[in-house]
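If you want the building blocks of each chain, they are given just below.
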Amino acid sequence: MTTTPLRLYQVGTFAAGNRLLDPSERTVQSSADRASSITSGHRACRGCGEALAARVVMDAAMRATGGRLVTVNATGCLEVFSTPFPESAWQVPWLHSLFGNAAAVASGVAAAMRATGRDDVRVLAQAGDGGTVDIGLGCLSGMFERNDDVLFVCYDNQGYMNTGVQRSGATPAGASTANTRPVGSGIGNAFGTGKNLPRIAMAHEIPYVATATIADLHDLEAKVTSAMSRRGARYLHVLVPCPLGWGSDASDTVRVARLATQSGLFPVFEAEHGTVTQVTPIRRRVPVEEYLRLQTRFRHLFTEPGRPDVVAALQAQADRDIARYGLDPEEES
Amino acid sequence: MRRQLEGSLAVADTVARCRPRVVAAYPISPQTHIVEALSELVASGGLAPCEYLTVESEFGALSACIGASAAGARTYTATASQGLLFMAEALPNASGLGLPMVMTVANRALGAPINIWNDHSDALSQRDAGWLMLFASSNQEAVDLHVQAFALSERTSLPVMVCMDGFVLTHAVEEVDVPEQEQVDAFLPDFHPRQSLDPDHPVTIGAMVGPEAFTEVKYLMAHRQLRALDEVSAVAQEFESAFGRTSGGLLQPYRTDGAELVVVALGSVLGSLADVVDELRDEGLAVGALGICCYRPWPFDEVRDALRGVTDVVVVNRAVAVGSGSILGQDVRLSAPRGTAVHDVVLGLGGRPVTRDVLRRLVLDVVTGRVGSDSLTFFDLDHDRAAAELARELADTVPANGGGS
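These remarks concern the structure in this document. (Residues numbered from 1 in each chain as written. Chains lettered and ligands numbered in written order. Predicted model: local features only at pLDDT ≥ 70, side-chain atom pairs only at ≥ 80, totals over all residues. Heavy atoms only, no water.)

Residues and elements named next belong to chain B. Across the interface, helix α10 (residues 269-282) lies against helix α13 (residues 356-367) with an axial gap of 9 Å and an inter-helix angle of 55 degrees. One finds that α10 runs oblique with respect to α13. Two packed elements cross with a definite hand, and for α10 against α13 that hand is right-handed. Contacts from V269, S272, L273, D275, V276, E279 and L280 of α10 reach α13 at R356, L359, R360, V363 and L364. Within the contact of α10 with α13, the residues separate by chemical class into seven nonpolar, one polar and four charged. (Axes fitted to C-alpha atoms, helices over the stretch in contact; angles between N-to-C directions. Helix = DSSP H or I, 4+ residues; strand = E, 2+ residues; numbered from the N terminus. Parallel < 35°, antiparallel > 145°, perpendicular 65-115°, else oblique. Left-handed = near helix turned anticlockwise from the far one by under 90°. Contact = heavy atoms within 4.5 Å. Nonpolar A, V, L, I, M, F, W, Y, C, P; charged D, E, K, R; others polar.)

In structure tokens:
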């Protein structure tokens, strides 16, 4: 395969303008015939990372499947803001059952398609981090283990935002949430042992696992396309900042997501059958503080007297992942 | 063809002849033989095209059925006891979304204490989940009800639970006529779902409904449930014409004409009950039995009509509603004509046998005034053991020195 190195002309951005690219490499979103799977008029908050990700993911999947797509949605923000009866933002067949069962429902849809001779119709399940890493984990693990033909997409905003910003198993240490307030000597959410769903998915040795963020929509589309070119259980974990829950400015959603990757706190990679096959290197490494300071959920770490120890521990987490995934080209030996 | 067959295998064979396209199940006693047999039929290609999903829990099983049914496939699962409760969140979801499917419940007690044997606590605890609930009195009826259940489910676009007593029926070997494939095919048309996930006709299923429309949705659900009573009768009649035997329907009265005392019950106990009724009739007692086959929707008018002119009604409850009394008894009380004495009796919990002797004693105790109608009676309770335990608890809470310090 030959590749042409991409030249970036815009200062301060990592996005390549579509007009600089070969038509075949342009984004799905840049095309007038994109599916617009989720239309405007829904009720997501200003600056919602999940709404942006869902649009990009669904339209890319629609393109990849030639429109032969069904989606299953867990309970959560995406479900609530997109389907207040009698309205629906969805232009694709869409099924919402419960909070914790999206993976099993999707398995059932896929089985029905196979059994009724319609296995050209593909299935994509969507859930937030609560519906993925916590209440939905049992069904999801079953779907992985059976290698059912489903792409499961987790829109990770690191907490239960729909119910008022409580912590989930995906909430980072040090974050203040509605039930992890930094009161007394508390630091907010405690340091646990971590619940890293992409790695848990990889442990199932499923055909495809990838992470992405809304800071690189081109990459996100490419990963959806790659996922839909395969059969079997596939998992895509997308970091989607939540201005409401993170206390970031609505205009900073993309910037916050980018700093999550550039600080090393959110590694972007692909894995096949349990082995990492590709990582997205950090282009301009930043200290985690640069990411944390944009979000009021971490404000207590920087308000006098501050918690430099917590910031240092988070930095150590980032450093460990940068080394583990080889994210910093300058550190390569 | 009539064969000597275990109840579970007869049901599995029958379900297979109904040609489900997706079966999702998680093992739990005493349902296991049914789903084991189906997994083998799927694996051997005997049921093709059919997908069998070995899910990680009952919650996953019913969830997969929800997806499969919404995608337009005929769908089946089976469970019991704790498994049914593990499905509890998804039960009203399946009915609320109007998704046809059939589920066998091999009735078993609920823990704690854990107990794998038969009673009706599991199914009756889910009576308000919006499913149609049919109770089989024999293995032949269990077989027949499964054929009827698929027809009923798809006509009403509602899920149907077929309840059969765990072990007593599921593991009993007896002669059963399993309908031939051609008979089932003639009776059961292809499944044409009312709504389905189809890229050519995108629909949104499962939207959020707020206070402005929620009551109307629930009202319509209640209305559709009650309207299903007519379908239950109609399907049973059509079944009788097609297969030449009576099975299912709303109620099964046995010698209730001229009866002064009628025993109301669900499930396999009805067989023994009929024998007892015959015995007592021979002895000159005006006794009858009323089997409830369709428990949900509750056939209010039909039960009232069946009990008209009856002086004493005895309700055999194989479940207890702790803190309020009985479950079936409450339904019967609502339907019993004014002035009828309702003797609400709990017996046969957690597999304690409900034999002919027990039932005969029950009727005679009601006749001789030993079982009242003013409170719930635990008929087969070991009073001595219960009293001893209560006395011990009392002794533990009263200080030995009489409370002085």
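Past the structure itself, the notes keep going.
A few words on unusual backbone geometry. The omega angle of the peptide bond from A:E304 to A:P305 is 5 degrees, so this bond is cis rather than trans. Inspection of the secondary structure puts A:P305 in the loop between α10 (288-292) and α11 (308-325). Along the chain, B:S29 connects to B:P30 via a cis peptide bond; the corresponding omega equals 0 degrees. With respect to the helices, strands and loops of the structure, B:P30 is situated in the loop between β2 (22-25) and α2 (32-43). For B:R19, which is not glycine, the phi dihedral falls at a positive 55 degrees. Within the secondary structure layout, B:R19 lies in the loop between α1 (7-17) and β2.

What follows deals with the sheet that holds strand β2 (residues 94-96) of chain A. Judged by pairing direction, the sheet is mixed, and its nine strands sit side by side in the order β8(A)-β7(A)-β5(A)-β6(A)-β4(A)-β3(A)-β1(A)-β2(A)-β9(B) without closing on themselves. The open sheet is flanked by β8 (275-279) of chain A together with β9 (204-205) of chain B, the only strands paired with a single partner. The pairing of β2(A) with β9(B) spans two bridges and is classified as parallel. Opposite A:W94, over in β9(B), you have B:T204 as the bridge partner. This element, helix α7 (residues 217-228) of chain A, spans β1 (69-73), β3 (122-128), β4 (150-156), β5 (208-213), β6 (234-239), β7 (269-272) and β8 of chain A of the sheet and lies at about 165 degrees to β5(A). (Pairing = 2+ DSSP bridges.)

Let us look at the interface of chain A and chain B. Contact residues are listed per partner, giving 40 residues for chain A and 39 residues for chain B. Summed over both sides, the interface of chain A with chain B buries roughly 2900 Å², with 64% coming from carbon and sulfur. Inspection of the region where chain A meets chain B yields three salt bridges. Where B:D200 meets A:R68, a salt bridge forms, and the shortest distance between an N and an O atom there is 3.1 Å. Where chain A meets chain B, there are twelve residue pairs in polar contact (both at pLDDT 80 or more). Mapped by element, the contributors of at least two residues to the side of chain A that touches chain B are β1, α2 (77-82), β2, α3 (102-115) and α5 (137-146) of chain A. At ten residues, α3(A) tops the list of elements feeding residues into the side of chain A that touches chain B. Looking at the side of chain A that touches chain B residue by residue, the class counts come to 21 nonpolar, 13 polar and six charged. (Buried area = accessible area lost by both parts, 1.4 Å probe. Salt bridge = Lys/Arg side-chain N within 4 Å of Asp/Glu carboxyl O. Polar contact = N/O pair within 3.5 Å; in protein donor to acceptor, adjacent residues only side chain to side chain.)

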